[in-house]
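Structure at a glance
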There are 2 protein chains.
Amino acid sequence: MNNHIKVGMLGIGNIGKGTYLALEMNHDKILDTTGFDIEIVRILNRSPEKDRGIDIPKEKYTPDVREILEDPEIDIVVELIGGIEPATEYMAEAIRNGKSVVTANKAAIAANGKYLAELAQEHHVLLRFEAAVAGGIPILTSLTTALLSNRFSEVHGILNGTTNYILTQMSEYGKDYDEVLKDAQRKGFAEADPTADVEGLDAANKLSILISLIFGMGIAPDKIPTQGITSIGLEDINYAKEAGYSIKLLASAKESDGKMSCSVEPTMLRKNHPIASVSNEFNAVFVKGNAVDNLMFYGRGAGPLPTGSAVLGDIIGIARKLGKASAYDIVPQLRYDAKLELNVDAESKYYVRMTVAERPGVLGKITTLFGYYDISVEAIQQKAPYESNGERVATLIFILFEVGRSKLKYALDEALKLDTTKSIDNIIRVEE
Amino acid sequence: MNNHIKVGMLGIGNIGKGTYLALEMNHDKILDTTGFDIEIVRILNRSPEKDRGIDIPKEKYTPDVREILEDPEIDIVVELIGGIEPATEYMAEAIRNGKSVVTANKAAIAANGKYLAELAQEHHVLLRFEAAVAGGIPILTSLTTALLSNRFSEVHGILNGTTNYILTQMSEYGKDYDEVLKDAQRKGFAEADPTADVEGLDAANKLSILISLIFGMGIAPDKIPTQGITSIGLEDINYAKEAGYSIKLLASAKESDGKMSCSVEPTMLRKNHPIASVSNEFNAVFVKGNAVDNLMFYGRGAGPLPTGSAVLGDIIGIARKLGKASAYDIVPQLRYDAKLELNVDAESKYYVRMTVAERPGVLGKITTLFGYYDISVEAIQQKAPYESNGERVATLIFILFEVGRSKLKYALDEALKLDTTKSIDNIIRVEE
């Protein structure tokens, strides 16, 4: 059973629930792909009576953190309490007891990452925190594996979903800050006390971690020049739009000539910058490496399941380093044994362009024919007719609702047999 | 010296040169971060007299592939010849001789990945091919590490830079296919014989690899329904634009109800889809996981250095698995020892919004003051004046050229002392 990975989890809030659910959903896939049988064996929960809307066997709960930190059976402790203390002390205690640690806690890592990293090194255990920066986006893993061969000169991120949601809604619907904030709070995208988000402190914690990773430089979050979004008015947003910019709360760090500059602040970005079009609660991280050049990651920076995905990724990464079941790791990528059927006739919307004789009744013939094949038409456009080989012809463009490829082909073969159809000029799939 | 990783490279074309250069640029960073001293000790080059525009010691070259495949000193063979044979046979031979293999060869992996993977497993060596799909974008590494805890239901990619460049140029400049193709060939974005790119075959190879990774299903590239871009006319592109779509050569695979559908074909994508705004030679891969939800990677899918970055990432990954210098791996991420200075006054363009009395000469006073501080003005906009506290006031918006934060602050403090200045309403950094 050396591929049985026993996890103790501190905290069962949103991220804890997301991690538990993501493991329930994908336990078998992970086992199948890596050989690791991951189990969350114990969960710190000081209010076990509280209904958390998730079905977890009561016997996994303990109100006593010692039962996790000191359990010799537990391989990995996942810290999801949040805040600097007691989270840091719990992680340190787990490390001292020979356990590897996974955390989603940006504040604790930004404040005490150096201390915890050195402690882990001393005790020959591992420390991972992918979920602490940009939620489900695998930025830390990528920077420290596939992209490690680069020197990076800059990083820019939309690292806070709440503020990006607010700025997007202000820009798209012309609503002012207070109105959008209240709406975000109702929808659960902003907390009752939104200070850490809207003042940029959350993003500064994450940027501090990225700076350490990318530039090898320690800078405390409160030393990063930080400006929130509370002063952004509709005047600013409208001016930016007119001038071809988007305003984003950007966390940035740049190096040049041995100097590193950084900030978290509202920034006008040209509309054609890949980050400018990242909207609502989505996050993005843009880096520029000296080999890989420009690279951007886009995804969900928060939410129970996306963050749970990152926590589980770290657990798997640690299990691999622990050398358990490593035979599965030689070529984990390629598999050919799925019991999937190939669907050669998946349905899709389609765009069809054809040339027809410009005569009364032509359109009716074709739409009747589509109807016969049970193909619905979403839109039709007829372009100005022109002369071709002594005959008046016109271009017809159809957008067709979902239809299988082969049925569409039969129908268009029939359409081509009509004496009024000159040619089928193009067929392009449409993806919403 | 067990952290000295000796690499033999087959081929010194564009990717070979990029890998060599990327290693030259970043050898010390890799050594410093991982403890691995990576050296390319031998390079297969059958025309050593040909000037390749890169300074490589002649003694590294060999015209004899045996001198690499059979050299017991070489740990890792990097295959960069391209094409299915003899590349596959060389890789197989390297594996049989106990060497791990890195390749950028999508055709060989799509055709023979299963054979090579099983051979590697049998011989307890590793096989990696991050560079074979989407160049420098770390999609394969992410799917098999940080994202491994997900089941994926769909993948969509712009996996070919040549065709994306052509479609972008057609759309942006209204040029037709033949004209843009010739232009792309002149600029080196398209090959003399562009068939593999424009007919979608290159993308089909890459999609076949992604399908194996994501769905565990083997499908030969020539079994993927594939349609190129040669039939796309300006009529189609213009219609798409009017209707709010972009046409992209999309490689897609979706799973639902135990059926997998896939294709490489021109596809109309709604403008607000994150892939729709990926332009020119850039690539992107979009995946949807059951925990992480929507995720997109964007970057350079080709080019010597970006592809070299991926090859080096694989070499480092293999070195780690080989268990060399693994002490460095415990917490490789956080470092705080960089000799960087913190630049608290980096220069940037700024947007400044202020309220001033609407009187002749006000604008002159402020611009004179900016001039005194050597701050240049890119643009000024005055909004319609209005009444405030019995006085006519107006909003002034300035876009200022690069200036340091503290100098800007001094200047604005002075501007606020003018009796005509009512308030400085907002200061926002501008990033081009």
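Located above this text is the structure these notes cover.
Rules used in this analysis
- Residues numbered from 1 in each chain as written.
- Chains lettered and ligands numbered in written order.
- Predicted model: local features only at pLDDT ≥ 70, side-chain atom pairs only at ≥ 80, totals over all residues.
- Heavy atoms only, no water.
- Helix = DSSP H or I, 4+ residues; strand = E, 2+ residues; numbered from the N terminus.
- Expected span 1.5 Å × (residues − 1).
- Bend = angle between axes of the 7 residues up to and from the residue.
- Contact = heavy atoms within 4.5 Å.
- Polar contact = N/O pair within 3.5 Å; in protein donor to acceptor, adjacent residues only side chain to side chain.
- Least-squares fit on C-alpha atoms with pLDDT ≥ 70 in both.
- Pairing = 2+ DSSP bridges.
- Axes fitted to C-alpha atoms, helices over the stretch in contact; angles between N-to-C directions.
- Salt bridge = Lys/Arg side-chain N within 4 Å of Asp/Glu carboxyl O.
- Buried < 20%, exposed > 50% of the residue type's maximum accessible area, 1.4 Å probe, protein only.
- Buried area = accessible area lost by both parts, 1.4 Å probe.
- Nonpolar A, V, L, I, M, F, W, Y, C, P; charged D, E, K, R; others polar.

Moving on: helix 4 (residues 106-122) of chain B. Because an α-helix packs 3.6 residues into every turn, residues spaced three or four apart end up facing the same way. All names here are of chain B. Spanning 17 residues, helix 4 covers 22 Å between terminal C-alpha atoms, matching the ideal 24 Å at 1.5 Å per step. Along helix 4, the helix axis deviates most sharply at Asn 112, where the bend reaches about 80°. As for helix 4, its buried residues are in contact with helix 3 (87-96), strand 5 (100-103), strand 6 (127-128) and helix 9 (201-215). Looking at where helix 4 begins, the residue whose side-chain oxygen comes 3.3 Å from the main-chain nitrogen of Ala 107 is Asn 105.

On to the relation of the copies chain A and chain B. Mapping chain A onto chain B calls for a rotation angle of 180° and an axial translation of 0.0 Å; the resulting RMSD is 0.0 Å. With respect to symmetry, the two chain copies, as superposed, fit the operation of a two-fold axis. Considering only C-alpha atoms, the residue of chain A closest to the rotation axis is Phe 297 of chain A, which sits at 2.4 Å. Most of the interface of chain A is mirrored in chain B, where 100% of its interface residues are also at the interface.

A separate point is the sheet that holds strand 3 (residues 61-62) of chain A. Residues and elements named next belong to chain A. If you walk across this open sheet you meet the 6 strands as 3-2-1-4-5-6, and the pairing is parallel. In this open sheet, the two strands that pair with only one neighbour each are strand 3 and strand 6 (127-128). Inspection of the sheet shows strand 1 (residues 4-10) paired to strand 2 (residues 37-44) by 7 bridges, in the parallel sense. Its bridge partner being in strand 2, Ile 5 is matched across the sheet by Ile 38. Contacts between helix 3 (residues 87-96) and the sheet are confined to strand 1, strand 2, strand 4 (76-79) and strand 5 (100-103), with strand 5 contributing the most and set at about 155° to the helix. Lying on the sheet, helix 11 (residues 304-321) is in contact with strand 1, strand 2, strand 4, strand 5 and strand 6; it crosses strand 5 at an angle near 160°.

Inspection of the secondary structure puts Thr 420 of chain B in the loop between helix 13 (405-417) and strand 17 (421-431). With residues up to four places along the chain from it excluded, the contact list for Thr 420 of chain B reads Val 356, Ala 357, Arg 359, Val 362 and Lys 365 of chain B.

Here we take up the pattern of salt bridges. All told, the structure shown has 58 salt bridges over all chains when counted by the stated rule. For Arg 353 of chain B, the salt bridge goes to Glu 235 of chain A, with nearest N and O atoms at 3.1 Å. Within this pair, whereas Arg 353 of chain B is found in strand 13 (residues 347-357), its partner Glu 235 of chain A is found in helix 10 (residues 234-242), the two belonging to separate chains. Note that Lys 288 of chain A and Asp 293 of chain A form a salt bridge whose closest N and O atoms lie 3.3 Å from each other. For Asp 293 of chain A, a relative accessible area of 19% translates into the label buried. One network of salt bridges, with partners in common, ties together Lys 254 and Glu 265 of chain A together with Arg 405, Arg 429 and Glu 431 of chain B.

Right, let's talk about the interface of chain A and chain B for a bit. The interface is formed by 124 residues belonging to chain A together with 124 residues belonging to chain B. Of the roughly 10800 Å² buried between chain A and chain B on both sides combined, carbon and sulfur atoms contribute 56%. Counting across the chain A and chain B interface gives 14 salt bridges. Notably, a salt bridge pairs Glu 431 of chain B with Lys 254 of chain A, separated by 3.5 Å at the nearest N-O pair. Between the two partners, chain A and chain B, sit 42 residue pairs in polar contact (both at pLDDT 80 or more). Its residues assigned to classes, the side of chain A that touches chain B comprises 58 nonpolar, 36 polar and 30 charged.

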